[in-house]
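# Structural description and commentary
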Amino acid sequence: MDAPSYTPQDAPVPEGVVVVERASTAQELGPKLNRTAADVVRFLMQQGEMVTATQSLSDDMIELFAAEIGAEIRLVDPGEEQEVDLRRKLGIDEFEEVDLSSAPPRPPVVTVMGHVDHGKTKLLDQIRNANVVEGEAGGITQHIGAYQVERNGQKITFIDTPGHEAFTAMRARGAQVTDIVILVVAADDGVMPQTVEAIDHARAADVPIVVAINKIDRPTADPQRVMSELAEHGLVPEAWGGDTIMQEVSALEGIGIDDLLDQVLVVAELEDLRADPEGRARGVVLEANLDIGRGPVATVIVQSGTLKVADPVVAGAAWGRVRALLDDRGQNVDSAGPSMPVQVLGLSDVPTAGDEFVVAPSEKIAREVAETREHWKRLSSLGREAHALSGGARLEDIFQQIQRGEAATLNLIVKADVTGSLEAVTESLRKLERDEVKLSFVHRGVGGITENDVQLASASNATIIGFNVRPDRKARELAEAEGVEIRTYEIIYKLIEDVEAAMVGMLAPEFEEVVTGEAEVREVFRVPRVGPVAGCYVLNGTITRGSKVRFLRDGVVIWKGTISSLKRFKEDVREVQAGYECGVGLSDFQDLKEGDIIETYEEREIARTATG
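Treat the numbers as computed from the prediction; the structure is a model and nothing was measured.

## Re unusual backbone geometry
Despite not being glycine, N152 shows a phi value in the positive range, around 50 degrees. Looking at where N152 falls in the secondary structure, it is placed in the loop between β4 (146-151) and β5 (154-159). Within the chain, N468 stands out as a residue other than glycine whose phi angle is a positive 60 degrees. Along the chain, N468 falls in the loop between β20 (463-467) and α14 (473-482). Judged by its relative accessible area of 36%, N468 falls in the partly exposed class.

Listed below in structure tokens is the structure:
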């Protein structure tokens, strides 16, 4: 490669913010910053990064070079800039002012949030079951992640997601689905950490909150205390002159459910929710999965227009013609209007939760848009792999990195049963990041753990996390051969706890010393072939065989070691408590004197948290 005709330092740096795509090569990055590919490669080699001009660069490498020459850059995912053109092809104008004042009202979309164990699931079940028609064959035949209920002739849509993790994940992707949040707080437990999180998420989304004070049937229920705690977090009950509706319910007994639905309808009326049912449908993917018999299945919620069977559609990088629409009772329907959740069959691939769902002007355009997005998505994941290969590590390698004072990156491949779970797991894991340990998601996908996942994990030094999915036999065998770690879970909290514990384990442990026992030497015996044995009286705590021990003489530590033998009279014992006498043999200490103090202790690791 020819050397540049100028010295890099002298070339002017582009003014303003330069947009750079992730996974750019040195050949692509150089000209954007008024440099050559050789300048980029040479600089990175000086930093110990052996790269070629055509190799995808990690985010860190791109940012490092930009900082070196003083350029201001904005990293975007491949295809982000082109997305504007793709949306134009689909007939979407971001800046078009839509007048909905004369449009008909639409049902409110409600998300239920709250602390674990406060009764969210029970409440959702109670609401759903109360609306199942008596004698209907099989009741509700399937669970699709959302459902509609009717109250006084008005419909309400409930989203049954894995909680506020998924709610946040969707918001992060620009999908504003929820109109009202029902915050469930247990009357016998009060405001808990996840309650506060839910309040913060709802506020950030600017969504009204209706509080359901649950478990009022319990003897320890104290709704007034709950109201008081919520008021401290800015949710002042209407009864106290505030503007937050609070309804006492018992999901277990079915008390107050109808009143809660009435309150939701009151809030919906105040919000004046409207949508145009005419025209091509647009909406959001709530969750999606790969069904063995039916192929990719997406649960979507329609936000405007009407979705019909045979419509050509695009959802993220997936496209297709709607083969069938199923409602929340598993019944085939011909169309779905605003706020209606339906399962869509006929897509080419599994979309991601939070992806926008659009009816395209034609099948040809739908295919073109999806394939272009898929191309850029692939480039983006190549960039992530480049980043992982350049700087990431597995669980077992990270501790050494931190010991050397380096920031460590834990590489993860995350697989889940549906996209809603995948987003929820990913967002929850992202919250665990701290300065010493970063997370890099090498790959995320829906479906079982395959050989391809194991090969990628092996190449990128990653740990595979599976949620509600398992590796097949070939994947297991390959993982064993390649030394790839696979961890599978069925409970999201357990998954998060384990990864958090692993990350905390990556940090250099902190210890505190705890004195467990104190004994005074009253007499010294010489025992043949054993050596000196201290006849002691235990003053405090417990003296245990095998304990770490130190000898104090006039408060000065004169020896440290371990207790090799411990006897009461002539019997070997494991421990001796305060107030008793014992014989103590020490590992390799001979200089025993009456009046010496034996202090046993242990070093306990101080629990570190992923936020500390």
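Further notes follow.
## Considering the packing of helix α2 (residues 37-46) against helix α3 (residues 59-69)
Between two packed helices, both the angle of their axes relative to each other and the distance between the axes serve to describe the pair. α3 packs onto α2 with a crossing angle of 100 degrees between their chain directions and a minimal axis gap of 10 Å. Overall, the two elements α2 and α3 adopt an arrangement that is roughly perpendicular. Touching D39, V40, F43 and L44 of α2 are M61, L64, F65 and E68, all from α3. Residue classes in the contact of α2 with α3 are distributed as six nonpolar, no polar and two charged.

## Quick notes on the pairing of strand β9 (residues 282-291)
Where β9 and strand β17 (residues 356-359) come together, three bridges link them in antiparallel fashion. Residue pairing for β17: V284 is matched across the bridge by E356. Two strands pair when backbone bridges link them, and β9 and strand β10 (residues 295-304) are joined in this way by nine bridges, in the antiparallel orientation. Among the inter-strand pairings, A288 is bridged to a residue of β10, identified as A298.

## Focus: the pattern of salt bridges
By the definition in use, this model includes 23 salt bridges. When the shortest N-O distance is used, the salt bridge between R225 and E229 registers 2.8 Å. In this pair, R225 and E229 are both assigned in helix α8 (residues 223-232), four residues apart and thus about one turn of the helix distant. Judged by its relative accessible area of 31%, R225 falls in the partly exposed class.

## Describing the nonpolar core
Core analysis: the largest hydrophobic core is formed by 25 residues, its most contacted members being L123, I127, I156, F158 and I182. Broken down by secondary-structure element, the contributors of at least two residues to this core are β3 (109-114), α5 (120-130), β4, β5, β6 (180-186), β7 (209-214) and α9 (257-271). Here this core takes seven residues from α9, the largest share from any one element. In this structure L123 touches V112, I182, V184, A212, V249, A251, I257 and L260, once residues within four positions along its chain are discounted.

About the cut-offs
- Within every chain, residues take consecutive numbers counted from 1 along the sequence as written.
- The predicted origin of the model limits local features to residues at a pLDDT of at least 70 and limits the giving and counting of side-chain atom pairs to 80 or more, whereas totals for whole chains, interfaces and linings rest on all residues.
- Excluded from the side-chain calculations are hydrogens and water; all other atoms, namely the structure's heavy atoms, are used.
- Runs of E in the DSSP output that reach at least two residues are strands. Runs of H or I that reach at least four are helices, and both are numbered from the N terminus.
- Working definition: with a 1.4 Å probe on protein chains only, accessible area under 20% of the residue-type maximum means buried, over 50% means exposed, and in between means partly exposed.
- Interaxial angle, 0 to 180 degrees, is taken between N-to-C directions of lines fitted to C-alpha atoms, where a helix line uses only the stretch in contact.
- Roughly parallel means an angle under 35 degrees; roughly antiparallel means over 145; roughly perpendicular covers 65 to 115; every other angle is labelled oblique.
- Any two residues whose heavy atoms approach within 4.5 Å are treated as being in contact.
- The classification used treats Ala, Val, Leu, Ile, Met, Phe, Trp, Tyr, Cys and Pro as nonpolar, Asp, Glu, Lys and Arg as charged, and all other residues, Gly among them, as polar.
- Any two strands are treated as partners once DSSP identifies two or more bridges connecting them.
- Only one rule defines a salt bridge in this text: a Lys or Arg side-chain nitrogen within 4 Å of an Asp or Glu carboxyl oxygen.
- In this text, buried Ala, Val, Leu, Ile, Met, Phe, Trp, Tyr and Cys residues form a nonpolar core when linked through side-chain atoms within 4.5 Å.

Function-wise, these values are silent; they only describe arrangement.
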